[in-house]
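Architecture and fold: a report
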Amino acid sequence: MNSTTMSRRRFTARAVAVLAALPLTCAMAAPFSSERITVRTEGTGPDVVLIPGLNSSPRVWASTVKKLPGYRYHLVQVSGFAGQPAAGNKEGTVAAPVADEIARYIEAAELKQPAVIGHSMGGTIGMMLASRHPTRLSRLMVVDMFPFLGTFFAGPGASPSQVEAVADRIGAGMRAATPEQRAKSTNDTIAGMIDTEAMRPVAIKDSTTSDPDVSGRAYRELIVTNLIPELSRISVPVTVLYVQPKTVPLAPAQFDGVYKGAYAPVKQLTLKRIPDSAHFIMWDQPQRFQSEVASFLSPR
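What this report covers is the structure whose coordinates are included nearby. (Residues numbered from 1 in each chain as written. Predicted model: local features only at pLDDT ≥ 70, side-chain atom pairs only at ≥ 80, totals over all residues. Heavy atoms only, no water.)

**Quick word on the nonpolar core**
Formed by 46 residues in total, the largest nonpolar core has its most connected members in Val49, Ile102, Met121, Ile125, Met127, Leu140 and Tyr263. Examining the composition of this core, we find that 8 residues originate from one element, helix α4 (residues 95–108), more than from any other. With near-sequence residues (within four places) excluded, Val49 lies in contact with His74, Val76, Ile102, Ile106, Leu111, Pro114, Ala115, Val116 and Ile117. Counting 28 residues, the second-largest nonpolar core is a separate cluster that includes Val48, Trp61, Met141 and Ile190. (Core = buried A, V, L, I, M, F, W, Y, C linked by side-chain atoms within 4.5 Å. Buried < 20%, exposed > 50% of the residue type's maximum accessible area, 1.4 Å probe, protein only. Helix = DSSP H or I, 4+ residues; strand = E, 2+ residues; numbered from the N terminus. Contact = heavy atoms within 4.5 Å.)

Below, the structure is given as structure tokens:
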């Protein structure tokens, strides 16, 4: 055997070793480039797209993904949140164009109608995806998101201009906040959204490393966007998990009625209120959440 042959064999062996050491998800990831989102995959099996909320990262799904193997999870990261550069989200709306980008990703990656799960703003994005790109997904789970937040901020029956005025005041306050005020607001907000104290630092880090301008514009968009008129366009089954915030002084039955009324246009709807949990259900009630996700993802 000459030196050239030996060299080639060594190179081939090294190449095989390097490829074998790469995570499976790296080899399976479809070529996709976007200024608004990045997506990484984890696991193998039926496809599931996971969309985090405002100022969040895919870390919110870590325990769920770990406990529910057997799927190929597509973990979406929105540009501008959790330390990611603002890139394509540096101006204008955020949720609506991100929904379009996820639809484009599903097509580019040749996914066959994946299940989609979105938390908070991710739930809004999921509803946009299901109503505006109805053939892209097979089912949708919305985790603690109302289809029109303006109802909570401006009151039932408020006109669009009244809702926009409230949203503009909130946005102005966010922009005018000092770094110290912003840090205190973040800590207070997260404390109200997560009962499990051990998980709060994760959310606080994601929030404090998010771009304030992207966050402010996205938050305003969430307040003023009314998706209720679009819900009738959704043809896939929808599961909604929600909690009743401690600050809402309604009887549980009344609060349930608010959700039932808002989501009534959805043709195939499952509504479930999760007790003893704040906004991040996956962290406050992990076993219940994982059970609900397992049921949602089971073959139908």
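**Notes on the packing of aromatic side chains**
On inspection of all chains with the given rule, the structure shows 11 aromatic pairs. Between the aromatic rings of Trp61 and Phe289, the centroid separation amounts to 6.5 Å while the plane-to-plane angle is 25 degrees, which identifies the pairing as stacked. Here the residue Trp61 occupies a position in the loop between β2 (47–51) and α3 (62–67), and Phe289 occupies one in helix α13 (residues 286–297), the gap between them amounting to 228 residues. With 6.1 Å between their ring centres and 45 degrees between their planes, Tyr242 and Phe255 make a pair best called tilted. (Phe/Tyr/Trp six-rings, centres within 6.5 Å; stacked < 30°, edge-to-face > 60°.)

**Side note on the sheet that holds strand β4 (residues 115–119)**
Spatial strand order, β1-β3-β2-β4-β5-β6-β7: 7 strands in an open sheet with mixed pairing. Unpaired on one side and paired on the other, β1 (37–42) and β7 (269–273) mark the two borders of the sheet. Recorded for the sheet is a direction-independent mean angle of 15 degrees between the axes of neighbouring strands. Taken together, the 5 bridges between strand β6 (residues 238–242) and β7 define a ladder with parallel strand orientation. Within β7, the position partnered with Leu241 by the bridge is Lys272. (Pairing = 2+ DSSP bridges. Axes fitted to C-alpha atoms, helices over the stretch in contact; angles between N-to-C directions.)

**A short note on unusual backbone geometry**
One non-glycine residue with positive phi stands out, namely Ala82, at about 55 degrees. Within the secondary structure, Ala82 sits in the loop between β3 (72–78) and α4. A positive phi angle is found at Asp144, which is not glycine, with a value near 55 degrees. Its location among the elements puts Asp144 in the loop between β5 (139–143) and α6 (150–154).

**What to know about the pairing of β4**
The buried fraction of β4 is high, at 5 of 5 residues. Across the two faces of β4 the burial is the same, with Ala115, Ile117 and His119 and Val116 and Gly118 all buried. Two elements, β2 and β4, share 4 bridges in a ladder whose sense is parallel. Residue pairing in the sheet places Ile51 in a bridge with Gly118 of β4. Pairing analysis gives 5 bridges linking β4 to β5, with the strands arranged parallel.

**Points about the packing of helix α8 (residues 179–193) against helix α9 (residues 200–208)**
For the pair α8 and α9, the least separation of the axes is 10 Å and the interaxial angle reads 140 degrees. Our classification of the angle between α8 and α9 gives oblique. The handedness of the crossing between α8 and α9 is right-handed. On the side of α8, the interface is formed by Thr186, Asn187, Ile190 and Ala191, while α9 contributes Arg200, Ala203, Ile204, Ser207 and Thr208. The class makeup of the residues in the contact of α8 with α9 is 4 nonpolar, 4 polar and 1 charged. (Parallel < 35°, antiparallel > 145°, perpendicular 65-115°, else oblique. Left-handed = near helix turned anticlockwise from the far one by under 90°. Nonpolar A, V, L, I, M, F, W, Y, C, P; charged D, E, K, R; others polar.)

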